[in-house]
Amino acid sequence: MSPALEALMEGCRYPGKGAMKGGVMLEPFVHQVGGHSCVLRFGEQTICKPLIPREHQFYKSLPPEIRRFTPQYKGVVSVSFEEDEEGNLCLIAYPLHSDPSDLENKEPLTDGEPKNKFLKWGKKKPSGLMENDRARQSRKEEKSKSNREDKAEVLYYSLEKGNVVPQIKHNPWSLQCHQQHLQRMKENSKHRNQHKFILLENLTWRYRVPCVLDLKMGTRQHGDDATEEKKANQIRKCQQSTSSSIGVRLCGMQVYHSVTGQLMFMNKYHGRKLSLPGFKEALCQFFSDGQVLRRELLTPVLQRLKEMRAVLESCESYRFFSSSLLIIYDGAPAPAPTRPRPSRGGEEEDEDDDEDEDDEEEGAYGGHSQGRDNSPSGSPLVDVRMIDFAHTTCRDYGEDAVVHEGGDSGYIFGLQNLISILSQLEEHSND
């Protein structure tokens with residue numbers, strides 16, 4: 001079975017979340033903190049985002065040494081804009097109508113239509129959709145709230161300190177990206193209503209309360225194919241932010257401070273304004289429980305960043321323009337340790353019996369040098385990954401006019417400075 005069809009089955013396994021004429025209903029991915037592309041929740045372990053041919057090519061041709069630093073790629077699905085029985089507007093994902101073994105080899109034509117035709121599911125046409133009064137009022141209230149939150153670059157939400165998991169709703173950045181993408185698809189649905197999305201590993205699924213830091217890496221953000229206007233705009237953003245001075249800037253942040261019970265969001269507009277001291281302070285906030293720095297997180301993050309730096313230094317001709325680095329950990333207080341239960345034979349059961357199975361599910365990342373907690377789930381204490389490859393290039397991309405030599409010095413420069421800053425934090429926390 002292809003990875004895409006496995007992911008489709010995974011998405012359908014959750015009652016009330018997916019099965020709609022054989023498809024999976026997509027939801028906003030509530031832990032998206034940066035970027036402008038709409039990221040959607042496909043299933044517990046899988047997200048999806050609009051397919052960009054260059055990024056798709058990158059995931060399909062990843063060298064093994066880089067693959068362990070990226071989300072697992074799971075294939076491609078067709079996404080259409082539809083309405084449910086109550087008239088609510090939805091995005092529904094379906095498998096591509098092609099042989100599973102050929103699933104990843106269908107590139108879009110210049111007009112955006114795929115060479116292969118998708119199965120058309122259902123009888124309703126998505127054009128001219130009518131919303132019922134309840135849905136329209138709900139959407140109006142959400143938009144009003146979203147407009148207020150869009151203007152705030154840093155937001156705090158006070159959560160009850162009990163079970164915080166159900167209290168985490170759509171963060172403002174995720175909701176904004178989702179609404180904008182829905183509107184674009186609605187406007188285009190009369191002309192084209194099948195869109196290709198790539199399926200990727202949901203890096204947050206193992207964490208109860210994911211704390212996510214999105215860092216834009218490198219001293220240059222524009223791709224080789226950027227227009228002069230786009231190039232000038234990206235150069236200006238780099239010069240006016242920490243990108244030019246240290247090769248990294250904050251692009252988004254979500255962190256839960258368990259001591260104060262506050263959930264904090266910071267968006268890319270605030271990140272662009274940060275000076276170097278402000279950037280360092282934001283890192284302190286991210287690795288804090290609201291009272292003290294969580295030093296136990298810094299050591300595995302630093303080890304991971306150093307491994308990544310060594311790999312990128314050896315990656316000839318790769319350039320990761322406008323790529324981001326994600327750092328993720330669990331903000332929920334650690335659960336109380338459980339005593340091993342005696343087996344029926346009178347001997348204590350080994351809590352690590354399922355460890356091999358968990359590691360297998362983690363893909364290329366499992367078992368590498370990330371820190372691990374002592375919980376029965378065996379979740380990684382921290383996760384550090386590279387994401388967003390819409391402007392990545394390397395020598396193997398034959399159609400690219402520009403071929404770069406050596407490693408990506410701008411990205412490596414950002415990694416080195418990030419390592420230095422976090423090392424200073426770690427040393428300071430020991431004082």
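The structure this text deals with has already been given above.
Procedures and definitions
Residues numbered from 1 in each chain as written. Predicted model: local features only at pLDDT ≥ 70, side-chain atom pairs only at ≥ 80, totals over all residues. Heavy atoms only, no water. Helix = DSSP H or I, 4+ residues; strand = E, 2+ residues; numbered from the N terminus. Buried < 20%, exposed > 50% of the residue type's maximum accessible area, 1.4 Å probe, protein only. Contact = heavy atoms within 4.5 Å. Areas by Shrake-Rupley, 256 points an atom, 1.4 Å probe, with all protein chains shown as cover. Pairing = 2+ DSSP bridges. Salt bridge = Lys/Arg side-chain N within 4 Å of Asp/Glu carboxyl O. 1 Å grid on protein atoms, 1.4 Å probe; cavity = no way out; pocket = protein on both sides within 12 Å on 5 of 7 lines; lining within 4 Å. Points joined across faces, edges and corners; volume = space filled by probe spheres on them. Nonpolar A, V, L, I, M, F, W, Y, C, P; charged D, E, K, R; others polar. Lys, Arg positive; Asp, Glu negative; His and termini not counted. Polar contact = N/O pair within 3.5 Å; in protein donor to acceptor, adjacent residues only side chain to side chain.

**Q** Honestly, the overall build of the protein chain in this entry has me stumped. Any pointers?
**A** Looking only at helices and strands, the protein chain has twelve helices and 15 strands in total. When burial is assessed residue by residue, the protein chain has 52% of its 431 residues classed as buried. When contacts within the protein chain are restricted to residue pairs at least 6 apart in sequence, long-range pairs at least 24 apart make up 76% of them. About 21100 Å² of surface is accessible on the protein chain, with carbon and sulfur atoms providing 50% of the total.

**Q** Please explain the sheet that holds strand β6 (residues 89-95) as it appears in this structure.
**A** In a beta sheet, neighbouring strands pair by backbone hydrogen bonds and run either parallel or antiparallel. A sheet is described by the order of its strands in space; here seven strands give the open sequence β1-β6-β5-β8-β4-β3-β2, paired in antiparallel fashion. Across the chains shown, the open sheet's two edge strands, defined by having one partner strand only, are β1 (24-25) and β2 (27-28). Of the pairings in the sheet, the one linking strand β3 (residues 40-43) to strand β4 (residues 46-50) comprises three bridges and is antiparallel in character. Residue pairing for β4: Leu40 is matched across the bridge by Cys48.

**Q** What should I look at first to understand unusual backbone geometry in this one?
**A** Residues apart from glycine generally show negative phi values, whereas peptide bonds are mostly found in trans. Despite not being glycine, Ser317 shows a phi value in the positive range, around 75°. Positionally, Ser317 belongs in the loop between α10 (295-313) and β12 (319-321). Classification of Ser317 by relative accessible area gives buried; the value is 3%. Unusually for a residue other than glycine, Ser322 sits at a positive phi of about 65°.

**Q** What is the right way to read the pattern of salt bridges from this model?
**A** Side-chain pairs of opposite charge can arise whenever the charged atoms involved come near each other. One pass over the structure, following the stated rule, counts 13 salt bridges. Two residues, Arg41 and Glu27, come together in a salt bridge whose shortest N-O distance is 3.8 Å. Taken together, the positions of Arg41 in strand β3 and Glu27 in strand β2 put the pair 14 residues apart, joining distant regions of the chain. Arg41 gets classed as partly exposed once you look at its relative accessible area, which sits at 24%. Three or more residues joined by partner-sharing salt bridges are found here, namely Lys49, Glu55 and Asp388.

**Q** So what exactly am I meant to see when it comes to the pairing of β3 here?
**A** Walk down a regular strand and you will see the side chains alternate between the two sheet faces. Pairing of β2 with β3, which is carried by two bridges, proceeds in the antiparallel orientation. In the strand pairing of β3, Glu27 is matched with Arg41. Counting the residues that bridge the hairpin from β3 to β4 gives two residues.

**Q** What should I look at first to understand the layout of surface pockets in this one?
**A** With a probe scaled to a water molecule rolled over the atoms, the places where space remains empty come into view. Considered as a void within the structure, the second largest pocket measures approximately 870 Å³ in volume. Lining the second largest pocket are 46 residues; nearest its centre among them are Gly35, His36, Ser37, Lys216 and Asp388. The set of elements that each furnish at least two residues to the lining of the second largest pocket consists of β4, α2 (53-60), β8 (195-201), β9 (210-217), α6 (228-239), β10 (248-257), α8 (268-273) and β13 (324-330). Residue classes in the lining of the second largest pocket are distributed as 19 nonpolar, 15 polar and twelve charged.

**Q** Any chance you could explain the side chain of Asp214 here in plain terms?
**A** Within the secondary structure, Asp214 is located in strand β9. The charged side chain of Asp214 is buried without a salt bridge, its nearest counter-charge being Lys216 at 6.1 Å. Among the polar contacts made by the side chain of Asp214, one reaches the side chain of Ser324 at a distance of 2.9 Å. With near-sequence residues (within four places) excluded, Asp214 lies in contact with Val33, Gly34, Gly35, Arg249, Leu250, Cys251, Gly252, Ser324, Leu325, Leu326 and Ile387.

Remember that the coordinates give geometry; whether it matters functionally is a separate question.
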